[in-house]
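# Observations on the model geometry
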Amino acid sequence: QQQVKQSPQSLIVQKGGISIINCAYENTAFDYFPWYQQFPGKGPALLIAIRPDVSEKKEGRFTISFNKSAKQFSLHIMDSQPGDSATYFCAAKIGGYQKVTFGTGTKLQVIP
Amino acid sequence: NAGVMQNPRHLVRRRGQEARLRCSPMKGHSHVYWYRQLPEEGLKFMVYLQKENIIDESGMPKERFSAEFPKEGPSILRIQQVVRGDSAAYFCASSRGLEEKLFFGSGTQLSVL
């Protein structure tokens, strides 16, 4: 059962544009929503995370928007750069240890 | 401070053989996790271990798979009698504390011929 649904599967954005990746979850017990960035041949790395008591979190060019009533959250990458080209995973977990449920990933390509 | 170290990076096995994947967590980290990534899919939780203890193995297949994290040495994920469906990237991750940031290794790509 896929508890975190992610879209789109792939995304091509021009340099300087905004990349938007969307996720939806089913389990209302989730209380921590991280985003991971994965480059080819590497493991995922934590990019930014949010808790459901906050509607938005911004770190540099990366922003998470969170809609608790709709059970949706999204990642916005402002001023996208070729170096941002990677696969992005949204994820969710319930408090305690790091048993994380991942989305299926979005392969982002930023073209010059 | 070295990151999470996994070896081998690539492992090729024939059907029926055993696969042993090793993971050395970051220094000072006592919480180890194993995740599996199938092609075009997200990572799936397999098991969570602390030193000498399996805390949660709810994501592990009931047969052929086992994991350990001994008092001394790396964590080991062992797959007996491998089948083609076991072909995947296996990632190890570690954290310092229960709810602290998770750091992933670069993974072991297992190919079963």
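A brief structural summary. (Residues numbered from 1 in each chain as written. Chains lettered and ligands numbered in written order. Predicted model: local features only at pLDDT ≥ 70, side-chain atom pairs only at ≥ 80, totals over all residues. Heavy atoms only, no water.)

### Quick look at the interface of chain A and chain B
With 20 residues of chain A in contact, the opposing surface of chain B contributes 22 residues. Note on chain A versus chain B: buried area summed over both sides is about 1700 Å², and carbon and sulfur give 53% of it. Across the chain A-chain B interface, the total number found is 1 salt bridge. Among the ionic pairs, Asp56(B) bridges to Lys99(A), the shortest N-O distance being 3.3 Å. The residue inventory of the side of chain A that touches chain B, partitioned by class, reads 7 nonpolar, 9 polar and 4 charged. (Contact = heavy atoms within 4.5 Å. Buried area = accessible area lost by both parts, 1.4 Å probe. Salt bridge = Lys/Arg side-chain N within 4 Å of Asp/Glu carboxyl O. Nonpolar A, V, L, I, M, F, W, Y, C, P; charged D, E, K, R; others polar.)

### Thoughts on the layout of surface pockets
Of the volumes computed, that of the largest pocket is approximately 690 Å³. Lining the largest pocket are 31 residues, with Gln38(A), Thr87(A), Phe89(A), Gln37(B) and Glu40(B) positioned closest to its centre. Of all the secondary-structure elements, those providing two or more residues to the lining of the largest pocket are β9 (86-92) and β11 (106-111) of chain A together with β9 (88-95) and β11 (108-112) of chain B. (1 Å grid on protein atoms, 1.4 Å probe; cavity = no way out; pocket = protein on both sides within 12 Å on 5 of 7 lines; lining within 4 Å. Points joined across faces, edges and corners; volume = space filled by probe spheres on them. Helix = DSSP H or I, 4+ residues; strand = E, 2+ residues; numbered from the N terminus.)

### Observations concerning the sheet that holds strand β7 (residues 65-68) of chain B
Residues and elements named next belong to chain B. Strand order in the open sheet formed by 4 strands is β1-β3-β8-β7, with antiparallel pairing between adjacent strands. Two strands lie at the open edges of the sheet, namely β1 (5-7) and β7, each paired on one side alone. Across the sheet, the mean angle separating the axes of adjacent strands is 15° when strand polarity is ignored. Pairing of β7 with strand β8 (residues 75-79) involves 4 bridges; the strand directions are antiparallel. Within β8, the residue paired with Glu68 across the bridge is Ile76. (Pairing = 2+ DSSP bridges. Axes fitted to C-alpha atoms, helices over the stretch in contact; angles between N-to-C directions.)

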